[in-house]
Amino acid sequence: MDPNKPENMIETPSCVSSIATHPEHPAVIAVGLFNGEIHVYDVRQNDPLVATVTDKKEMHTDEITSLKWVKDPKSSKKKYLLLSTSKDGKILIWNALPTKNQLKLIDGFLMLNDYLANRHLKSFGSEMSVSSISMNKLDRESFIVGCDSGGLFKCSFSNTEIVNSKWEDEFPVELKSPVQFTFDSQFGPIYSINYSPFHRNLILTCGTDSEIKLYSILQTDSLVTFCPENGYLYDIEWSPIRPCVFASASNDGNLLLYDLMENGKETCQATKASDGSLYSLNFNQSRPELLATGDSLGVVKIWKLSSKYCKSSSSELYILNEISEKPFEKS
């Protein structure tokens, strides 16, 4: 592989704001655009565009903030659907129909500020821009949503409450509220959320308040707050092999690694990963010693982690359970 020469190059009609590779078919890539369009490409094909939204009434009306391939919550079969979130406040679920070059809208949700912990009466009924989302791998009905308003919510695909909004009469599907539980609001947009792959009740968040917060989804306030003092934090992710390890991407270009086994509230390994801002990171699920980062300069780097971040201990799950029930002392 030549790192300076891409194997494929696809031109899109607008800036790409999000991307998601199919979990079983790595050549199939969903792309979300700044103008609200969603395209699905198969890079093995001569004409790689295999599906898109054909009905303009179904499209998002603002930037796509995230895309996720999710297992169908209403089916016992291993079928994947495409989930999209946007600054227009909508969370939509699509079924890709490559034979028809079409993304078929099958369900929709809308985030309203009625559910904010610190809301104002005069702003009831307004849409909230969705900035981040994370799925619970141990419960396919559940997910967490973060908003530009600082709102953080536990949500469910099974909710049936129809919302009242300006979209009510014109949108092709009935939009529902997914909110089940509201956490204490944060100060500013929440850029990233990540469910622990080892504990069904623990999540991490980060955003413009420059703090990493560890929550149990069973209580409104955070269990632990980490303050790395690296400016805005754009991405966060748990290690796929070490239950007590997670990484975060910072505005000052540092890759931050925490290990809760080593008094993680105070201990952080910071590695200068970019001369710009570090916007994204991702652990390799098959080779957990590898981690990728992307920055504001358009540079993608692959990092090899030291062995201490790759060898799990039998006591880590016990520590996670202990944290979920009895948080660190808050300073």
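Residues numbered from 1 in each chain as written. Predicted model: local features only at pLDDT ≥ 70, side-chain atom pairs only at ≥ 80, totals over all residues. Heavy atoms only, no water.

Trainee: Sorry, what's going on with the environment of phenylalanine 187 here?
Mentor: Here phenylalanine 187 shows up in the loop between strand 12 (179-182) and strand 13 (190-195). Setting aside anything within four residues of it in sequence, one finds phenylalanine 187 in contact with Thr208 and Asp209. (Helix = DSSP H or I, 4+ residues; strand = E, 2+ residues; numbered from the N terminus. Contact = heavy atoms within 4.5 Å.)

Trainee: Where do I start with the sheet that holds strand 17 (residues 233-238) in this structure?
Mentor: Two strands in a sheet stick together by hydrogen bonds in their backbones, pointing the same way (parallel) or opposite ways (antiparallel). As summarised here, the arrangement of the four strands in space is 17-18-19-20, forming an open sheet in which the pairing is antiparallel. Of all strands in the sheet, those with a lone pairing partner are strand 17 and strand 20 (268-272), marking the two edges. In this sheet, adjacent strand axes meet at a mean angle of 20° when their direction is disregarded. As judged from the five bridges shared by strand 18 (residues 245-250) and strand 19 (residues 254-259), these two strands associate in the antiparallel manner. Across the sheet, residue phenylalanine 246 finds its bridge partner in strand 19, namely tyrosine 258. (Pairing = 2+ DSSP bridges. Axes fitted to C-alpha atoms, helices over the stretch in contact; angles between N-to-C directions.)

Trainee: Please clarify how the layout of surface pockets should be interpreted in this entry.
Mentor: Leftover empty space is mapped by rolling, across the atoms, a probe with the size of a water molecule. The calculated volume of the second largest pocket comes to roughly 190 Å³. Forming the boundary of the second largest pocket are His22, His25, Val28, Val40, Asp42, Val50, Trp69, Tyr80, Asn95, Ala96 and Pro98. Going through the elements one at a time, strand 3 (38-42) and strand 7 (90-97) are the ones with two or more residues in the lining of the second largest pocket. Taken together, the residues that form the lining of the second largest pocket break down as seven nonpolar, three polar and one charged. (1 Å grid on protein atoms, 1.4 Å probe; cavity = no way out; pocket = protein on both sides within 12 Å on 5 of 7 lines; lining within 4 Å. Points joined across faces, edges and corners; volume = space filled by probe spheres on them. Nonpolar A, V, L, I, M, F, W, Y, C, P; charged D, E, K, R; others polar.)

Trainee: Any chance you could explain unusual backbone geometry here in plain terms?
Mentor: Glycine aside, the phi torsion of most residues is negative, and most peptide linkages are trans. One non-glycine residue, asparagine 101, lies in positive phi territory at about 55°. Relative to the elements of secondary structure, asparagine 101 occurs in the loop between strand 7 and strand 8 (102-110). Non-glycine residue glutamate 229 carries a positive phi angle of around 60°. Along the polypeptide, glutamate 229 turns up in the loop between strand 16 (224-226) and strand 17.

Trainee: Looking at this model, I keep getting lost on the nonpolar core. Mind explaining?
Mentor: A general trend in soluble globular proteins is that nonpolar side chains are found buried together. Core analysis: the largest hydrophobic core is formed by 24 residues, its most contacted members being Ile38, Val40, Leu67, Trp69, Leu82, Trp94 and Leu103. Elements that contribute at least two residues to this core include exactly strand 2 (28-33), strand 3, strand 4 (49-52), strand 5 (64-71), strand 6 (80-86), strand 7 and strand 8. In contact with valine 40, not counting residues within four places along its chain, are Val28, Ile29, Ala30, Pro48, Leu49, Val50, Ala51, Leu82 and Leu103. (Core = buried A, V, L, I, M, F, W, Y, C linked by side-chain atoms within 4.5 Å. Buried < 20%, exposed > 50% of the residue type's maximum accessible area, 1.4 Å probe, protein only.)

Trainee: I would appreciate a short explanation of the sheet that holds strand 22 (residues 290-295) in the present structure.
Mentor: Spatially, 21-22-23 is the arrangement adopted by the three strands of the open sheet, whose pairing is antiparallel. Single-partner strands in this sheet number two, and they are strand 21 (278-283) and strand 23 (300-304). Neighbour to neighbour, the strand axes of the sheet diverge by 25° on average, direction disregarded. Pairing between strand 21 and strand 22: five bridges, direction antiparallel. When the bridges of strand 22 are listed, serine 280 appears paired with glycine 294.

Trainee: Is there a simple way to explain the pairing of strand 22 in this structure?
Mentor: The side chains of a regular strand alternate between both faces of the sheet. Burial within strand 22 is extensive, with five of its six residues counted as buried. Here strand 21 folds back onto strand 22 in antiparallel fashion, the turn holding six residues. Note: strand 22 against strand 23, five bridges, orientation antiparallel. Residue pairing across strands places threonine 293 opposite lysine 301, the latter belonging to strand 23. Adjacent in sequence and paired antiparallel, strand 22 and strand 23 are bridged by four residues, among which glycine 298 carries a positive phi angle near 85°.

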